[in-house]
Amino acid sequence: MSLLTQDEISRNLESFQGWIQEGNQISKEFQLKNFAEALSFVNKVGAEAEKIDHHPDIFIHSWNKVKITISTHSEGGITVKDFQLAEKIERLNL
């Protein structure tokens, strides 16, 4: 799998509300209703990540905020696989 160009990354990000590029990764912070929903969301993200064998960094902070950071570590940056996972995560948060 090859790294995306900066133009490809920028074009993909336009389709994902709230997702930003931070160096060689994409990320988004999600605000849930409460701590229990934040934990539930994290578990759902984990299940989806396992299905496609692509694992994000997940950080729960405060009592209802979850930050997801995605990068294809084996490639050293952002690939199409990162956006595929972001799409799956977005569907969970609806």
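Owing to the predicted nature of the structure, the values given are computational and were not obtained by experimental measurement.

Calculation notes
Along each chain, numbering runs from 1 in the same order as the chain's sequence is written. A pLDDT threshold of at least 70 governs which residues receive local features in this predicted model, and a stricter bar of 80 or more applies before side-chain atom pairs are shown or counted, although totals over entire chains, interfaces and linings include all residues. Side-chain measures were taken over the full set of non-hydrogen atoms in the model, leaving aside hydrogen atoms and water. For patch detection, residues must exceed 30% relative accessible area and be free of salt bridges, and they are connected within 9 Å for like charges or within 5 Å for nonpolar side chains (Val, Leu, Ile, Met, Phe, Trp, Tyr). Under the convention used here, a 1.4 Å probe and the Shrake-Rupley method define accessible areas, while residue burial counts only the protein chains that appear. We define a salt bridge as a contact between a side-chain nitrogen of Lys or Arg and a carboxyl oxygen of Asp or Glu at a distance within 4 Å. The secondary structure listing takes helices from DSSP runs of H or I that are at least 4 residues long and strands from runs of E that are at least 2 residues long, numbered from the N terminus. By definition, two strands form a pair when at least two bridges between them are found by DSSP. What counts as an axis is a line fitted to C-alpha atoms, over the stretch in contact for a helix, and the angles between N-to-C directions run from 0 to 180 degrees. Whether two residues are in contact is decided by their heavy atoms: any pair within 4.5 Å suffices. Think of it in three bands: residues with accessible area under 20% of the maximum for their type are buried, residues over 50% are exposed, and the middle band is partly exposed, with areas taken using a 1.4 Å probe on protein chains only. Centre distance within 6.5 Å is the pairing criterion for rings of Phe, Tyr and Trp, where only the six-membered ring of Trp is used; planes under 30 degrees apart are then read as stacked, over 60 as edge-to-face, and the remainder as tilted.

K.L.:
Help me out: how do you make sense of a nonpolar patch on the surface in this one?
P.N.:
A cluster of nonpolar residues, Phe-35, Leu-39, Ile-58, Ile-60 and Trp-63, forms a patch on the protein surface that exposes about 430 Å² of accessible area. Within the residue set of the nonpolar patch, elements represented by two or more residues are α2 (35-52) and β3 (57-61). If you trace the backbone, Trp-63 turns up in the loop between β3 and β4 (65-70).

K.L.:
Can you help me understand the pairing of β4 in this one?
P.N.:
Every regular strand shows the same layout, with side chains that alternate between the two sheet faces. Pairing of strand β2 (residues 25-31) with β4, which is carried by six bridges, proceeds in the antiparallel orientation. Along β4, the bridge assignment pairs Lys-28 with Ile-68. Pairing of β3 with β4, which is carried by five bridges, proceeds in the antiparallel orientation. Along β4, the bridge assignment pairs Phe-59 with Lys-67. Hairpin connection, β3 to β4: the antiparallel pair is bridged by three residues, and Ser-62 has positive phi, about 60 degrees.

K.L.:
What exactly am I supposed to notice about the sheet that holds strand β1 (residues 20-22) here?
P.N.:
The strands making up a sheet associate through backbone hydrogen bonding, with each pair oriented either parallel or antiparallel. Spatial strand order, β1-β2-β4-β3: four strands in an open sheet with antiparallel pairing. The sheet terminates laterally at β1 and β3, the two strands that pair on one side only. Strand-to-strand twist in this sheet, taken as the mean axis angle between neighbours without regard to direction, amounts to 30 degrees. Its contacts with the sheet place α2 against β2, β3 and β4, and it is angled at close to 175 degrees to β3.

K.L.:
Is there a simple way to think about the pairing of β2 in this case?
P.N.:
Relative to β2, β1 is paired through three bridges, and the arrangement is antiparallel. Looking at β2, one finds that Ile-20 is bridged to Ser-27. Counting the residues in the hairpin turn of β1 and β2 gives two residues, including Gly-23, whose phi is positive at 65 degrees.

K.L.:
Which parts of the structure should I look at to understand the pattern of salt bridges?
P.N.:
Close approach of charged atoms lets side chains of opposite charge pair. Applying the stated criterion to the full structure yields four salt bridges. With a closest N to O distance of 3.3 Å, Glu-22 and Lys-67 form a salt bridge. Here Glu-22 is found in strand β1, whereas its partner Lys-67 is found in strand β4, with 45 residues between them in sequence. In this structure, Lys-51 engages Glu-48 in a salt bridge whose closest nitrogen and oxygen atoms are separated by 3.1 Å. In this pair, Lys-51 and Glu-48 both sit in helix α2, three residues apart, roughly one turn of the helix. Accessibility expressed as a relative area gives 64% for Lys-51, which makes it exposed.

K.L.:
What is the right way to look at the packing of aromatic side chains in this model?
P.N.:
In this description, a pair of aromatic rings is defined by centroid distance and the angle of the planes. By the definition in use, this model includes three aromatic pairs. Ring centres of Phe-16 and Phe-83 lie 5.6 Å apart, and the angle between their planes is 40 degrees; this geometry places the pair in the tilted category. Here Phe-16, found in the loop between α1 (6-13) and β1, pairs with Phe-83, found in helix α3 (residues 80-92); they are 67 residues apart in sequence, far enough to count as distant. Residue Phe-83 is classed as buried on the basis of its relative accessible area of 4%. Relative to Phe-41, the ring of Phe-30 has its centre 4.8 Å away and its plane inclined at 55 degrees; by these criteria the two rings are tilted. Remark: Phe-41 occurs in helix α2 and Phe-30 occurs in strand β2; sequence separation between them is 11 residues. Take Phe-41: its relative accessible area is 4%, and that puts it in the buried class.

The values reported here are purely geometric and, on their own, carry no functional implication.
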